[in-house]
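Observations on the model geometry
Take a look at the letters that make up each chain.
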Amino acid sequence: MKRVLKPIILMLSTVAALGAMEPLAGDAESSWRSASPGYAWAFPRDLYAHPDFKTEWWYITGNLTRVDDGRPLGYQLTFFRSGLAPAAADEPRTTEWDPVDLIMGHAAVSDAAAGRHVFSEVVWRTHPMLGGFGVAPVPGDASPADSTGAQASVAWCRAPAGTDARWSLDYRDGTYHLRVRDDARGLRYELECRPTLPPLFHGRDGFSPKSASGREGSLYFSQTRMATRGRVWLNGKAVAVKGTSWLDREIFTSTLAAGQVGWDWFALRLRDGSDLMLYRLRDGAGATDFALGTWRRPDGTVQVLEAGQWSLEPGTLWTSPATGSPYPTAFTLRLPGHAGPVRVEALFPEQENVSERTGIHYWEGAVRVLNDKGEELGQGFVELTGYGQGSRPPI
């Protein structure tokens, strides 16, 4: 009987979670805490979930090389938390099945040499059987546990149907531990990411506005250069890898401003030691509605890059055969004080993530940074959302 009930329960839970992606009746943004300037950051507390905000994510991307032959690989792991009902002290949860949060996981591996991009996704409501978010450690307690008893868990969820495993993001001894597996798609990796620099806060002290009015915004920081090692499974065989990863951590409640349909986001590490985060929010005509950036220079000084201080010109377009969406896979970037423009281009164009569950599709891919002579200046990741008919940001 247990073998019969388990898949039925999981199926019903998935259907319920998908239905819950639309806001619940009467769920007003005013019931949630809003991101605003002056937030008092604290670690490791802010690595963990913030249920008083409606939305947050842990977005990890990385540029890897195979240890055996040096061939490049890219990867992504994202955990999204979407609050379904604001937590209320006077209305405690009556059962563990109460719809409080939705957890969504996106994962991908890109093999440039093979021209192959594999994407997988999971969507669950939070529940001890399905997925959840860890609790920040209490002072003096070195082993925080989530509701499943997993030590140091930041976020976790069941793997897709047919794979007896779980996806997880753990934080132990100053290192992030990532595990992803989807047997049906042949996607699997186990990685360790160790930050080598302090967090990089975006905007003013970690409040990153998303509109000129400043009403929309997020609490936002990155871990830009995380030394990474582990294993990626390619064609069913484990391959040792090493490289560098980038974590984006955003916490917010407000959605995009009126008229904004998507964004272009850049996370770039230059060989001179500079770290660059740039984003521009686009309107329906494709023009820049709002833009902001952060530049950490090799000496550690940080400069906020306002929209007028840098420019981004889309170049080569690639049209997805799966969705028909046209994505720019090369850009010309101009920075203040830089001798000349640089080119940001995809390692290969076929790096679109297409969700079979939610209809979301967006481009998330490994890129390299080149000068006008074609010499490589750095590498990183780019995300492009809101391109094509019916497309929208991941959350």
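Residues numbered from 1 in each chain as written. Predicted model: local features only at pLDDT ≥ 70, side-chain atom pairs only at ≥ 80, totals over all residues. Heavy atoms only, no water.

Structural notes on the overall build of the protein chain
Scanning the protein chain for helices and strands turns up one helix and 25 strands. A total of 395 residues make up the protein chain; the buried ones form 51% of that total. For the protein chain, restricting intrachain contacts to residue pairs at least 6 apart in sequence, the fraction spanning at least 24 positions comes to 56%. Surface exposure of the protein chain reaches about 17,300 Å², of which carbon and sulfur atoms provide 53%. (Helix = DSSP H or I, 4+ residues; strand = E, 2+ residues; numbered from the N terminus. Buried < 20%, exposed > 50% of the residue type's maximum accessible area, 1.4 Å probe, protein only. Contact = heavy atoms within 4.5 Å. Areas by Shrake-Rupley, 256 points an atom, 1.4 Å probe, with all protein chains shown as cover.)

Quick look at the environment of Trp41
Locating Trp41 in the fold gives a position in the loop between helix H1 (2-19) and strand S1 (55-66). Separated by 178 residues in sequence, Trp41 and Leu219 place their C-alpha atoms 9.3 Å apart. With residues near it in sequence (within four places) discarded, Trp41 still touches Asp46, Phe201, Asp205, Gly206, Leu219, Tyr220 and Phe221. Among the polar contacts made by the side chain of Trp41, one reaches the main-chain carbonyl oxygen of Asp205 at a distance of 3.1 Å. (Polar contact = N/O pair within 3.5 Å; in protein donor to acceptor, adjacent residues only side chain to side chain.)

Here we look at the packing of aromatic side chains
Summed over all chains, the structure comprises 19 aromatic pairs. On the basis of an interplanar angle of 50° and a centroid distance of 6.2 Å, the ring pair of Phe43 and Phe201 is categorised as tilted. One end of the pair, Phe43, is in the loop between H1 and S1; the other, Phe201, is in strand S10 (residues 200-201), with 158 residues separating them in the sequence. When the centroid spacing of 5.2 Å and the interplanar angle of 75° are considered together, the rings of Trp57 and Phe252 count as edge-to-face. With a gap of 195 residues between them, Trp57 in strand S1 and Phe252 in strand S13 (residues 237-252) connect regions that are remote in the sequence. Owing to a relative accessible area of 8%, Trp57 belongs among the buried residues under this scheme. Judged by its relative accessible area of 12%, Phe252 falls in the buried class. The ring of Trp233 carries the charged tip of Arg188 above its face, separated from the ring centre by 3.9 Å. One Lys or Arg, Arg282, reaches over the ring of Tyr387 and ends 3.8 Å from the middle of that ring. (Phe/Tyr/Trp six-rings, centres within 6.5 Å; stacked < 30°, edge-to-face > 60°. Lys NZ or Arg CZ within 6 Å of the ring centre and 35° of its normal.)

Concerning the nonpolar core
Counting residues in hydrophobic clusters, the biggest one holds 44 residues, and the most contacted among them are Tyr75, Phe79, Trp167, Leu178, Tyr189 and Val232. The biggest single contributor to this core is strand S12 (residues 217-234), with five residues. Trp246, Met277, Tyr279 and Val304 belong to the second largest nonpolar core, which has 25 residues in total. (Core = buried A, V, L, I, M, F, W, Y, C linked by side-chain atoms within 4.5 Å.)

Quick word on the environment of Trp310
With respect to the helices, strands and loops of the structure, Trp310 is situated in the loop between strand S17 (302-306) and strand S18 (311-314). Owing to a relative accessible area of 8%, Trp310 belongs among the buried residues under this scheme. For the pair Trp310 and Leu335, spaced 25 residues apart in sequence, the C-alpha to C-alpha distance is 4.9 Å. Once you skip the residues sitting within four places of it in the chain, Trp310 turns out to touch Leu278, Tyr279, Ala291, Leu292, Gly293, Leu305, Leu333, Arg334, Leu335 and Pro336. A distance of 3.3 Å separates a polar atom in the side chain of Trp310 from the backbone oxygen of Leu305. Polar contacts involving the side chain of Trp310 include one to the main-chain carbonyl oxygen of Glu306, which spans 3.2 Å.

Considering the pairing of strand S4 (residues 116-125)
Summarising burial for S4: nine of the ten residues are buried, a large majority. Looking at chain direction, strand S3 (residues 101-111) and S4 are connected through ten bridges and run antiparallel. For Ala108, the partnering residue across the bridge sits in S4 and is Phe119. Hairpin connection from S3 to S4: four residues lie between these consecutive antiparallel strands, with Gly115 at a positive phi of about 65°. (Pairing = 2+ DSSP bridges.)

Let's talk about the confidence of the model for the protein chain
The share of residues in the protein chain with pLDDT of 70 or more is 85%, and the mean pLDDT across the chain is 87. Residue range residues 1-27 is modelled with pLDDT below 50. Its contacts to residues more than four positions away, or to other chains, number 30 contacts. The model gives residues 142-150 a pLDDT under 50, and that stretch makes 22 contacts with residues more than four places away or in other chains. (pLDDT = per-residue confidence, 0-100.)

Brief notes about the pattern of salt bridges
Here the structure, examined in full by the defined rule, presents 27 salt bridges. In this structure, Asp101 engages Arg81 in a salt bridge whose closest nitrogen and oxygen atoms are separated by 2.9 Å. One end of the pair, Asp101, is in strand S3; the other, Arg81, is in strand S2 (residues 72-83), and 20 residues separate them in sequence. In terms of burial, Asp101 and Arg81 fall into one category: buried. One network of salt bridges, in which partners are shared, links Arg66, Asp68, Asp69, Arg71 and Asp111. (Salt bridge = Lys/Arg side-chain N within 4 Å of Asp/Glu carboxyl O.)

Things to note about unusual backbone geometry
Here the bond from Phe43 into Pro44 is cis, since omega is 10°, no more than 30 degrees from zero. Counting through the fold element by element, Pro44 comes out in the loop between H1 and S1. In this structure, Asp205 takes a positive phi of about 60° despite not being glycine. According to the relative accessible area criterion, Asp205 is exposed, its value standing at 63%.

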